[in-house]
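A look at the structure
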Amino acid sequence: MNNVKETNKILYRIEKDFPIAGVNFVDLTPTLTTPNHFKEVAELLKNKILEINPDIDYIVSPDARGFLWGTYVAALLNKPLIPVRKKGKLPPSSVMSSINDTTEYSNIELDIPIVDLNNKKCIFIDDVYATGGTYKACKKLVEQNQGIMENAYVVLDIKLTNDDIISLITNNDIEIN
């Protein structure tokens, strides 16, 4: 594992100038490929959720890296997971609603599967929060279907926004060089 660093049990590596020049991509794959670290980080997320939002109904996680964290934490909490998929990955008969939003880097098109969200309390789980586009699109989908998005939880908040996100670490905690 070349250039792997650790902060608060989270293993990561930095890829400079990716996906565009001037951006330092934080790759959390080393945490996923090291079972003890993956488990410990999922437990840290679970504990934060129990502390802040102990009475949730659903965990909402986006395609694809969000599924990794959301599924594990949902299993630890014994809560159902709503996988928000990229447009076209679900058959039309399984889609409750869709959204097409623009982020700083691209357009985002997401589908939420059919599930009863009426007055249900949801939280969002993903790996990284950068510009907030994915979270905001998922929040809109939940709210369009009468659900309540209570909080967003991520492993790493890059702090490109002033959004109120619950994270295990921020870009201030990681070593770039």
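The residue numbering used here restarts from 1 in each chain and proceeds along that chain's sequence as written. Per-residue local features of the predicted model are confined to residues with pLDDT of at least 70, and side-chain atom pairs are confined, for both listing and counting, to 80 or more; whole-chain, interface and lining totals are unaffected and use all residues. Side-chain measures were taken over the full set of non-hydrogen atoms in the model, leaving aside hydrogen atoms and water.

The next point concerns the state of the cysteines. Any cysteine sulfur atom paired with another within 2.5 Å is treated as part of a disulfide. Inspection of the entire model under this criterion finds 0 disulfides. Note on Cys122: no disulfide assigned, nearest cysteine sulfur contributed by Cys138 at a separation of 11 Å. Looking at Cys122, the relative accessible area reads 0%, which means it is buried. Residue Cys138 is classed as buried on the basis of its relative accessible area of 0%. Partly exposed residues are those whose accessible area sits between 20% and 50% of the maximum for their type, while under 20% is buried and over 50% is exposed, using a 1.4 Å probe and protein chains only.

Let us look at helix H2 (residues 35-52). Side chains three or four residues apart in an α-helix point the same way, a direct result of the helix having 3.6 residues per turn. Compared with the 26 Å implied by 1.5 Å per residue over 18 residues, the 26 Å span of H2 between its first and last C-alpha is a close match. Here a helix means four or more residues in a row that DSSP labels H or I, a strand means two or more in a row labelled E, and each is numbered from the N terminus. Burial in H2 covers these residues: His37, Phe38, Val41, Ala42, Leu45, Lys46 and Ile49. One less than the residue count of a helix, multiplied by 1.5 Å, gives the span that helix is expected to have.

A few words on the pairing of strand E4 (residues 58-62). In terms of burial, E4 is a largely internal element, 5 of the 5 residues being buried. Here E4 shows no split at all, with Tyr58, Val60 and Pro62 on one side and Ile59 and Ser61 on the other all buried. When DSSP locates at least two bridges between a pair of strands, those strands are taken to pair. Examined bridge by bridge, E4 and strand E8 (residues 121-129) share 3 bridges and lie parallel to one another. Residue Tyr58 lies in a different strand from E8, and its bridge partner there is Cys122. Of the pairings in the sheet, the one linking E4 to strand E5 (residues 81-86) comprises 4 bridges and is parallel in character. Within E5, the position partnered with Val60 by the bridge is Ile82. Look down the strands so they point away from you; if going from the first strand over the helix to the second traces a clockwise path, that crossover is right-handed. As a crossover connection, the stretch from E4 through helix H3 (residues 65-77) into E5 is right-handed.

With respect to the helices and strands, the residue His37 is situated in helix H2. One polar contact links the side chain of His37 to the main-chain carbonyl oxygen of Lys9, over a distance of 2.8 Å. Whether two residues touch is decided by their heavy atoms; if any such pair falls within 4.5 Å, the residues are in contact. Contacts of His37, omitting those with residues within four sequence positions, involve Glu6, Lys9, Leu11 and Thr31. Two N or O atoms form a polar contact when they lie within 3.5 Å of each other; inside protein one atom must be a possible hydrogen donor and the other a possible acceptor, and for residues adjacent in sequence the pair counts only when both atoms belong to side chains.

Moving on, we get to the sheet that holds strand E1 (residues 5-7). One open sheet holds the 3 strands; their spatial order is E1-E2-E3, and the pairing between them is antiparallel. Each having just a single partner strand, E1 and strand E3 (24-27) make up the two edges of the open sheet. Between one strand axis and the next, the sheet turns through 40° on average, direction left out of account. Sheet topology note: the E1/strand E2 (residues 10-16) ladder contains 3 bridges and is antiparallel. Looking at the pairing, Lys5 lines up with Tyr12 of E2. Comment: axis = line fitted to C-alpha atoms, over the contacting stretch for helices; angle = value between 0 and 180 degrees taken between N-to-C directions.

This part takes up the sheet that holds E4. Read across the open sheet, the 7 strands follow the order E6-E7-E5-E4-E8-E9-E10; overall the sheet is mixed. At either end of the open sheet lies a strand with only one pairing partner, and these are strand E6 (95-102) and strand E10 (166-170). Strand-to-strand, the axes of this sheet are offset by a mean angle of 25°, without reference to chain direction. Across 4 bridges, the pairing between strand E9 (residues 148-157) and E10 is parallel. Within E10, the position partnered with Leu156 by the bridge is Ile169. Along the sheet, helix H4 (residues 133-144) contacts E4, E5, E6, strand E7 (107-113), E8 and E9; its crossing angle with E6, the most-contacted strand, is approximately 145°.

Our next topic: the nonpolar core. Among buried residues, the Ala, Val, Leu, Ile, Met, Phe, Trp, Tyr and Cys ones that are joined through side-chain atoms within 4.5 Å form a nonpolar core. Val26, Ile49, Ile59, Val73 and Ile125 are the most contacted members of the largest nonpolar core, which totals 26 residues. When contributions to this core are tallied by element, the ones reaching two or more residues are E2, H2, H3, E8, E9 and E10. By residue number, the principal contributor to this core is H2, which donates 5 residues. Dropping the residues within four chain positions of it, Ile59 is found in contact with Gly70, Val73, Ala74, Leu77, Lys79, Pro80, Leu81, Ile82, Ile123 and Ile125. Leu110, Ala137, Met149 and Ala152 belong to the second-largest nonpolar core, a separate cluster that totals 22 residues.

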